[in-house]
Structures are given as structure tokens and as C-alpha cells.
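Chain by chain, the residues:
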Amino acid sequence: MTETQHSDILIMGAGPAGLALALALARSGMSVRVVDRISPERLADPEFDGRASALASTSWQMLQNLGLADALWRDACPIDRIAVSDGLRKGGLDFDAGVDGMGVMMPNSLLRAALFEAASADADIDLVMGADVAARTIDAHRATITLDDGRAFSASLLVGAEGRVSPTRDLAGITLGRWSYHQRGIVTAVTLEKPHKNTAFEIFYPDGPVAILPLNDDDDGRPMASIVWTVPEGKADAWVSLSDRAFGAALTKMSGGFLGAITPVAPRSNWPLTLCQASAMVAPRIALVGDSAHIIHPIAGQGLNLGLRDVAALAQVLGEGARLGLDPGDLAQLKRYQDWRMLDNAMMAAATDVLNRLYGLPGSAPSLVRRLGMQIVGRTGLIRRFIIDEARGASGDLPDLLMASD
Amino acid sequence: MNASTGTTADSSVTNETRNGTIDPKEAAHFGKLAAEWWDPKGESAMLHRLNPVRLAYIRDAIDHHWPDAGAARKPLAGKRAIDVGCGAGLLTEPLARLGAEVTGLDAAAENITAAADHAAAMGLYIDYRHRDIETLEGESFDLVTSMEVIEHVTDPATFIAALERALAPGGLMVLSTPNRTTMSWIMLVEAAERLGQVPRGTHDWDKFLTPEELTAHLQAAGLHVIDTRGIAWDPLQGLHLSDSLALNYLMTVVRG
Ligand SMILES: Cc1cc2nc3c(=O)[nH]c(=O)nc-3n(C[C@H](O)[C@H](O)[C@H](O)COP(=O)(O)OP(=O)(O)OC[C@H]3O[C@@H](n4cnc5c(N)ncnc54)[C@H](O)[C@@H]3O)c2cc1C
């Protein structure tokens, strides 16, 4: 067995949350090691994660603050408008972004690749990919991870960023509240006959919402979009195994034809939709970020945004602690992070849950209520502001990393 | 308190015969607390909450005194620091993390043992010694800290003269101590000790120094106070830096 290598922070999971955290902490002078079980090639493979994410403008600002603007701006499609409608009835809600925009759409595989490249180039970040963890231990002074090839790594703080299945969360004894929506999200990329004009469409059907999210044009100049189609669990397999032509025709019909013919151009994946909330985000020498701490319904495209807000808050708390020479695993410090994030995460979970339930009820009476509801929402400045701010990620007390520096 | 010399994996420990101004009764009192010192919920709960507040003050003093190093990740890199009355190392370890080559002194052998064990487990190198500052000769330090110690010594003038001797040319000293006011008597001696926030018998109010008295001692030793800040407490903010010196205060000191 080789000697145990020590770093200030050990991050489990090189997903967007884990890598963004590594970059932010390295900037505050901490030594960071990131361990992931997959290979770098797999990480950036669109087949591994074919989703695209709506990055709120604060998240986009954060990626710019981390020095990723050059690598990403070409692939970032700005969202100027969000159009929400109840099926294809009139009376939908329309949110214009105004001057500062509502964020950008970005394929996850490109985001993962850019973060990985930036982390590889950072001398303070050690990336350990393709790693199989054999043992995890925590004592009063450190966390230690042993791989099955005998390598061992220790750190003052262990961060769980492994996504929904998080052995770090289990190690901390943190339980996960889990509610299934009994829905699945079918994800694919499509080309559109007509331009999307940087509009994100959310069309609600009794079976679940269809989201058509703008992406930049493909190499042949065709407008592209990312699709998240929420369907009941029992129907998911049928939708996935449908031919491209039939799936495209169904989408064209669902969208009311205003984007012209919709043509699938990527494999279809389907994701379980659950609402998960960890009972805590910290434990002695452990912190959780991203999907390891919370999973919400993708209806509002906020999952990754919440994860990046976790990252910004944890990076700030640890950065302030490092400035004072505090132990990164100091529990009082970690609790400040938890207090900062728990409420925001729970509010977002509740809001997306209500939205999904409200639109999930079939029948014409609920539909009328919904339409009235949307008009009320549309007219009430305050609620409107809240929804727009929430989409931009600008509500609540923001960590520095989410803000533009002057 | 038997004199023995030992070295743990990372941190070194030395014991010397004592010949200083630390009251042996006081040393024994703190020595008894050694085991609890690193438990944030234990007897030293108040100290754990106080620590980030005084570290924030010290960090600002460092950045102000060494502006070039202040921007660096390890502002004390290449500098020697000594923490006089280090207890189990609550302040000493952060100084090491900020890059300093640190020495920790304490009059209680149990503290030095607890401090050295903890530093070793944290993978930090700290030179811990069981001795008094008065007996230290021929060594000087860029940063001298002594937090909540002067109120426990039998002869403040001798103690401060020794701190002055340990201060390298161009060095920085930061001290903290409770003020002798009605407020500190109520809050520290009565309320905090009775409520178990601070161990019983920690404070002897009569020995507390007012900022004027401490300043006079420092001046007599050829030192100059360049900043004084209070540490106050209120239910909303908890312990925080404040303009009120009534409870507890910090001083930044340089050679005059
Ligand atoms: C259908 C759908 C659509 C979505 N759309 C949006 C959207 O538009 N906008 C948005 O903000 N969010 C969206 N989300 C949510 C978003 O994708 C996730 O919140 C985000 O990917 C979480 O990032 P993460 O880094 O926490 O975890 P992940 O992306 O899951 O990364 C986890 C990493 O940890 C590694 N790992 C796992 N287990 C281990 C282990 N045991 N040891 C070591 N490494 C391990 C994995 O290999 C992976 O690299 C959507 C989610 C779904 C399901």
C-alpha cells in the first residue's frame, strides 16, 4: 500500500457541482482532490448525459467568474423569453427577460468537458478518474478514502458531489426523503424547422409538461432545441422505443406546429423524476452539494442551478475560513453553509412541486383555474418578479461567486 | 507537572523548568481543561465562538502590517510566529495554516500534550513547548500573539517585557484580554461561568487590566499600540468585533 496523500478538500464526484466547487476552492488557495469513478472520455460523452441545462444568469455569471467564459460562450444559447402555456389554449404566461436576460441553455456534455479541462489545467486540483472506492472512513481529524488499487487519500473535509446516489451522504448517516412523481423525463435533442427566437417553451399537458429549450444552431445552421418531455412512468418505455419519425411527429403536434416540423437528432434517454431532500447538508468533516443533497422536478430547469448555488455558498464559507486559517472541516463553519442553503433548496423544491401538481390535474375545471391562475400571476407584479428572479437565480441572499464583480 | 521531553509524529514538544509569571494555580486550572479543549460543545464552547472573531482581527492586522503578503494565499509564509499561552492550539493551528513557522508556549503541560497530539493528527507541524515566555532567550518572532493570558499572570510588567524581547525588528504583536468593568464582571465572571459557557474558576476579575493600564505597561516596555478594538456580545450577532471595549478587547502593538 502506498502512503496516504493529504489535501485540504476531497470531492467525490466530478459532475458540474463537484468540478465547479474544485475550481472555486482552488482560487481561495485550498488544495483540492476530485475523485470520480468514470473516465474523462465518458464524462464528456453526450451518451453519458444527453441533457441540456438552463443556466440561470447567476449560474452563468459564476461560470464566468471561474474563468470558463471563453470555453463556453460559443455554446451558450441565451434565453430571452419564457413562454408558459396550458396545453395549446390561449391565455398563457409570457415572461420577457428584460435587459439582463434569463440565463443560457447549454448541453451538459459540453459543460462537463469545459469544467474538466479547466480543473485539469489548475495546479491546485488533482483529478483521480476511473477510481473504484474500496473504503471510506471518518475520524475526529480527517476523512480517508481508499481505492481498490490501494491508493489512499485523506482530507480535512470530504464533499459528497456524487449525484443522486451518494455513498458520502450514507457515510455521514444523512437520510434522504424521497418522493417519486411516478413520471419520467424523456430527454433528446431536436432540430426545428422555424427559429425558436431564444424562447424557452413550457407546455403543460395533463400527462405532464413538455419543455422545448433553445440551443444554438447546428453546423448546418438549423435551429436546435433540447426536449424534456415528462410522461407517466408506465408510458415511458413506449415513448423511448418509438421511431424517430413517429416521436418527431408527436412532438410537432404537441408544440402546436409553431416551430414547424420537429426532427429528433440524438438518442432518447429517460430519467426518473423524484423529489429528494437530504435531512442535512453537513456532518462532521462532511458536506453535500448538488444532487447529493437535493433533487427537484426538472419542470423549471433549476436542479443544476441549485447545485451551483450550493457550490458558491460553500466556496464562500470555506474561503472565508481559509483566510482565517480555520480547519476546513470545522463544523461551526459548515453549519453556516447549511443554514444558508437549506431554506432556498426547500423553497425551490416546494415551488416546483406545486407547479407540477397544479398542471398535472386533468379536466376542464382545473384547466380554467390554471388559466385564471396564470393570468393572475401575470398581472401581479410581485409574483411575476419572484418567478423571473427565481428563473434567473437572483432571489435570496447571494454568495459573491454568483455576482458580477465591478 | 513533570518535566519530560517528547516528540510526536509531526509536532515537537519540549518541557523546561518554569520560572515565569504564570500563576501555578492558574496553569493547573487550565491544564485540567486540556482534554476538553478541542470539543466545540464542551467546556471551551465560548472559546470556539471567540476564535473566528479574534482570528478575523489578527488577519486584518497581518494584511495591514504586511500589505504585500496580505494578498498572498499564505500571508505568514516565511515568517516565524509565537503563540504565548497557546492552550491546546486553537489559535496556534490557524497561524500554521496561514503559512507561519509557529511555536506554541503554555504553562500547563497537559495543554502542550493535547496541542501536540491534535496538531500531529491534523498533519500540522508546530513547535510546542511547555515553558514560560520569560525564560525564552535568543529567539525572536515576526508575529507574537497572546490571547487571554495577561489577566492570568502575577506580574504583567515582567510578562510584557518578555513579549517585547521575543518580538523581531519590524514585527507585529496582537494581544487580547477582558476589560475590568462592571459589564465584564457580570458577563464573564458571573453569567458565563455560572451558565457553564466558561469553566468555573477561569477568571479572577481583580487581575483584569483596563486598556489604559495595558497601554501603560506596553509603553513602559517600549511598545506602541496602533489599534484597539472591542469584542462585544449581543443575542443577534453573538460575539463580534465592536467599538465597545467594555467586555473584552484586542490590541495591535508594534515597537514604539
Ligand atoms: C430530465 C432532467 C432535466 C434537467 N434539466 C435541468 C435544467 O434545465 N437546468 C438545471 O439547472 N438542471 C436540470 N436538471 C438537473 C441537473 O441535471 C442536475 O441537478 C445536475 O446534473 C446535478 O449535478 P451534480 O454535479 O450534482 O451531479 P451529477 O451530474 O449526477 O454528477 C455526479 C458525478 O459523480 C460521479 N459519481 C457517482 N457516484 C460516484 C461514486 N460512488 N464515486 C465517485 N464518483 C461518483 C458520477 O460519475 C458523476 O460524474 C435536469 C435533470 C433531469 C433529470
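This is a predicted model, so every value here is computed, not measured.

Visitor: Explain the overall build of chain A here, please?
Guide: A count of helical and extended segments in chain A gives 12 helices and 20 strands. For chain A, the residues scored as buried account for 54% of the 406 residues in total. When contacts within chain A are restricted to residue pairs at least 6 apart in sequence, those whose partners lie at least 24 apart make up 74%. Total accessible area on chain A stands at roughly 17,000 Å², and carbon and sulfur atoms take up 55% of it.

Visitor: Would you explain the pattern of salt bridges in this entry?
Guide: Where charged atoms of side chains with opposite charge meet at close range, the side chains can pair. Going through the model one piece at a time under the given rule, you end up with 23 salt bridges over all chains. Note that D63 of chain B and R323 of chain A form a salt bridge whose closest N and O atoms lie 3.1 Å from each other. In this pair, D63 of chain B is assigned in helix α2 (residues 45–65) and R323 of chain A in helix α9 (residues 303–323), connecting two distinct chains. A salt bridge links E101 of chain B to R80 of chain B, with the shortest nitrogen-to-oxygen separation between them at 3.8 Å. Of this pair, E101 of chain B sits in strand β4 (residues 101–106) while R80 of chain B sits in strand β3 (residues 80–84), and the two are 21 residues apart along the sequence. Residue classification places R80 of chain B among the partly exposed positions, given a relative accessible area of 25%.

Visitor: For this particular structure, what's the right way to read unusual backbone geometry?
Guide: The general pattern is negative phi for most residues beyond glycine and trans for most peptide bonds. Residues and elements named next belong to chain A. Not every positive phi belongs to a glycine, and H182 is a case in point at roughly 50°. Mapped onto the fold, H182 is located in strand β12 (residues 176–192). Even without being a glycine, N198 presents a positive backbone phi close to 55°. Tracing the backbone through its elements, the reader meets N198 in the loop between β12 and β13 (199–205).

Visitor: Could you clarify how one ought to interpret the nonpolar core in this entry?
Guide: In globular proteins that are soluble, nonpolar side chains generally tend to be buried together. Residues I9, I11, M62, L314 and Y337 of chain A are the most contacted members of the largest nonpolar core, which totals 73 residues. Residues contacting I9 of chain A, with those up to four places away along its chain left out, are L25, M30, S31, V32, R33, A155, L157, V159, L318 and P328 of chain A.

Visitor: Can you walk me through the site of the ligand in this structure?
Guide: Residues and elements named next belong to chain A. Neighbouring the ligand are 31 residues; D36, R51, R112, D291 and L304 lie closest to it. Between the ligand and L304 there is a distance of 2.8 Å, counted from an oxygen atom to a backbone nitrogen or oxygen. Taken together, the elements giving at least two residues each to the shell around the ligand come down to α1 (16–27), β3 (52–55), α5 (108–121) and α9. Among the residues making up the shell around the ligand, the classes are represented as 14 nonpolar, 10 polar and 7 charged.

Visitor: Could you clarify how one ought to interpret the interface of chain B and chain A in this entry?
Guide: By a frequent convention, interface size equals the accessible area lost on bringing the separate parts together. Opposite the 16 residues of chain B that make contact, chain A presents 15 residues. For the pair chain B and chain A, the two sides together bury roughly 1,200 Å², of which 51% comes from carbon and sulfur. The tally of links from chain B across to chain A stands at 2 salt bridges. Across the pair R323 of chain A and D60 of chain B runs a salt bridge whose closest N-O atoms are separated by 2.7 Å.

Visitor: Is there a simple way to think about the environment of G234 of chain A in this case?
Guide: All names here are of chain A. Its place among the elements puts G234 in the loop between β15 (224–232) and α7 (236–241). A relative accessible area of 75% means that G234 is categorised as exposed. Between the C-alpha atom of G234 and that of H182, which follows or precedes it by 52 residues, the distance is 8.3 Å.

Visitor: Help me understand α2 of chain B in this model?
Guide: Because the α-helix completes a turn every 3.6 residues, residues three or four places apart line up on one side. Relative to the 30 Å expected for 21 residues at 1.5 Å per residue, α2 of chain B spans 31 Å between its end C-alpha atoms, a close match to the ideal helical length. Along α2 of chain B, the helix axis deviates most sharply at N51 of chain B, where the bend reaches about 30°; the proline P52 of chain B sits within four residues downstream.

Visitor: Help me understand the pairing of β3 of chain B in this model?
Guide: Side-chain positions along a regular strand alternate between the two faces of the sheet. Residues and elements named next belong to chain B. The element β3 is extensively covered by neighbouring structure, given that 4 of its 5 residues are classed as buried. Inspection of the sheet shows β3 paired to β4 by 5 bridges, in the parallel sense. Considered in β4, the bridge of D83 is made with G104. Taken together, β3, helix α4 (residues 92–97) and β4 constitute a β-α-β crossover, and its handedness is right-handed. Where β3 meets strand β6 (residues 141–147), 3 bridges bridge the pair, whose relative direction is parallel.

Each value, and the rule that gives it
- Residues numbered from 1 in each chain as written.
- Chains lettered and ligands numbered in written order.
- Predicted model: local features only at pLDDT ≥ 70, side-chain atom pairs only at ≥ 80, totals over all residues.
- Heavy atoms only, no water.
- Helix = DSSP H or I, 4+ residues; strand = E, 2+ residues; numbered from the N terminus.
- Buried < 20%, exposed > 50% of the residue type's maximum accessible area, 1.4 Å probe, protein only.
- Contact = heavy atoms within 4.5 Å.
- Areas by Shrake-Rupley, 256 points an atom, 1.4 Å probe, with all protein chains shown as cover.
- Salt bridge = Lys/Arg side-chain N within 4 Å of Asp/Glu carboxyl O.
- Core = buried A, V, L, I, M, F, W, Y, C linked by side-chain atoms within 4.5 Å.
- Near = heavy atom within 4 Å.
- Polar contact = N/O pair within 3.5 Å; in protein donor to acceptor, adjacent residues only side chain to side chain.
- Nonpolar A, V, L, I, M, F, W, Y, C, P; charged D, E, K, R; others polar.
- Buried area = accessible area lost by both parts, 1.4 Å probe.
- Expected span 1.5 Å × (residues − 1).
- Bend = angle between axes of the 7 residues up to and from the residue.
- Pairing = 2+ DSSP bridges.
- Right-handed = clockwise from strand over helix to strand, strands pointing away.

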